[in-house]
Amino acid sequence: MASVSYTVGQPEDGAPVCHILKAKLRFSTHAVARLTRMEGGILLNGRPIRTVDPVRAGDVVTALVQDNRPPKAPVIPGPWPLPIVYEDDYLLVADKPAGMTAHASNFLPDTPTVAGALARERGTDFLFHPVNRLDKGTTGLMVVAKSGHVHDLLRRSLHTPDFRREYRAVCLGRPQPEEGTIDAPIGRDETSTVARKIRPDGAAAVSRYRVLETRGDLSLVKLLPETGRTHQLRVHMASIGCPLAGDWLYGMEDPALISRPALHSWSLTLVHPITGEVLRLTAPLPQDMARLFP
């Protein structure tokens, strides 16, 4: 079982166990309560301990990092390939293909899912905690936490220097200027159940872009989201007159060119929330985008 430990220093001498769990191991109040219900959930020098008990300098506090509950709903395994580019006891990073959603949907019951692909390999009791969700048509790096605690830590680091994502996109036209920042709030489009649009009362949204290469009427663009709004990169690129190729919602559907919005989660720089290791991962462009910029 995965666990985390902390050796108590002199400044924490006499503090209660719950202080170490919250302040040093960064467990939420809810997570601490969950640990108290788990056998061996919290140990002091290898022995069970109450959260109100004091610690002394040199003591080692250990807490399990796992969920003690079954999935909320049964996950149906599916025979869908899902390449894993990194994995340890706490998290994994998948290279999600196009056409796959995170979870099953009543509206799209036959759609391949990340949850189903993982359930096939790891069993239906594998708890799936997606950190950075990708649209059905978007490909590339997607982080999955293996526990609620790690998920909480990763979500806190999103859009900070500890969790930086870089995308590649193919857009129509050539953005002018060729490098810039789009700072435009995004909210719901009242005319659609799924679409978003730029609106003054929307949530703050910032994206940086840079043109990497141009071929005819298409541009290969590097995109860096500073925030994480729904459809943010697609909406922002359309707002400057350069919608993503194949984007049926914000641009023009063109199956002969590409059958989905041409967006790929290309690289990830992540400070591991447990080990502190800096992970630098990349996923090459999928074939349908690579053929547009060979």
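The structure we're discussing is the one just above.
This is a predicted model, so every value here is computed, not measured.

This paragraph deals with the overall build of the protein chain. Across its full length, the protein chain carries six helices and 16 strands. By residue count, 48% of the 294 residues in the protein chain fall in the buried class. Treating the 35 positive side-chain charges of the protein chain as one cloud and the 31 negative ones as another, the clouds have centres 3 Å apart.

Moving on: helix H4 (residues 148-157). Residues His149, Val150, Leu153, Leu154 and Ser157 constitute the buried set of H4. One face of H4 carries all of its buried residues, which in axial projection span an arc of 130°. Elements that come into contact with the buried residues of H4 comprise helix H2 (29-36), strand S6 (91-96), strand S8 (139-145), strand S9 (163-172) and strand S15 (263-271). Taken from the residues just after H4, His159 is the one with a positive phi, measuring 60°.

Attention shifts here to the side chain of Thr111. Note on placement: Thr111 falls in the loop between S6 and helix H3 (114-122). For Thr111, a relative accessible area of 11% translates into the label buried. Thr111 has contacts with Trp80, Gly99, Thr101 and Lys136, leaving out every residue within four places of it along the chain.

Among all positions in H2, only Ala31, Val32, Arg34 and Leu35 are buried. Each buried residue of H2 sits inside an arc of 160° when the element is viewed along its axis, so together they form one side. Away from the buried face of H2 by more than 90 degrees, exposed residues Thr29 and His30 are located. Taken together, the buried residues of H2 touch helix H1 (17-24), strand S2 (42-44), strand S4 (60-64) and H4.

Tracing the chain through its elements places Pro161 in the loop between H4 and S9. The exposure class assigned to Pro161 is exposed, which follows from its relative accessible area of 69%. Taking the C-alpha atoms as reference points, Pro161 and Val4, separated by 157 residues in sequence, lie 23 Å from one another.

Here the focus is the pairing of strand S16 (residues 278-282). Only one face of S16 is covered, namely the one carrying Leu279 and Leu281; the face carrying Val278, Arg280 and Thr282 has none of its residues buried. Of the strand pairs in this sheet, S15 and S16 are connected by five bridges, and their pairing is antiparallel. Note on S16: the bridge partner recorded for Leu270 is Leu279. The antiparallel pairing of S15 with S16 creates a hairpin that spans six residues between the two strands, and Gly276 there sits at a positive phi of about 80°.

Attention now goes to the pattern of salt bridges. Any two side chains of opposite charge can pair, given that their charged atoms come close. Inspection of the entire model under this criterion finds 18 salt bridges. For Arg120, the salt bridge identified is with Glu121, shortest N-O distance 4.0 Å. For Lys197, the salt bridge identified is with Glu190, shortest N-O distance 3.2 Å. Residue Lys197 is classed as partly exposed on the basis of its relative accessible area, which comes to 30%. Given the relative accessible area of 56%, Glu190 is considered exposed. Connected via shared salt-bridge partners are Glu190, Lys197, Arg199 and Asp201.

As a rule of thumb, soluble globular proteins bury nonpolar side chains together. Grouped together as the largest cluster of nonpolar side chains are 36 residues, with contacts concentrated most on Leu21, Phe27, Val61, Val93, Leu154, Phe163 and Leu268. When residues no more than four places from it in sequence are discounted, the contact partners of Phe27 are Val4, Leu21, Lys22, Val32, Leu35, Ala63, Leu64, Val65 and His149. Ranked by size, the runner-up nonpolar core spans 27 residues in total, among them Ala115, Phe128, Cys242 and Leu244.

Moving on to the state of the cysteines. Simply put, the disulfide is a covalent bond whose two ends are the sulfur atoms of two cysteines. Within this structure, the stated rule accounts for zero disulfides. Its sulfur unpaired, Cys171 is 4.8 Å from the next cysteine sulfur, which belongs to Cys242. Here Cys171 falls in the buried class, since its relative accessible area comes to 0%. A relative accessible area of 4% means that Cys242 is categorised as buried.

Calculation rules
Residues numbered from 1 in each chain as written. Predicted model: local features only at pLDDT ≥ 70, side-chain atom pairs only at ≥ 80, totals over all residues. Heavy atoms only, no water. Helix = DSSP H or I, 4+ residues; strand = E, 2+ residues; numbered from the N terminus. Buried < 20%, exposed > 50% of the residue type's maximum accessible area, 1.4 Å probe, protein only. Lys, Arg positive; Asp, Glu negative; His and termini not counted. Charge placed at Lys NZ, Arg CZ, Asp CG, Glu CD. Arc of directions from axis to C-beta. Contact = heavy atoms within 4.5 Å. Pairing = 2+ DSSP bridges. Salt bridge = Lys/Arg side-chain N within 4 Å of Asp/Glu carboxyl O. Core = buried A, V, L, I, M, F, W, Y, C linked by side-chain atoms within 4.5 Å. Disulfide = S-S within 2.5 Å.

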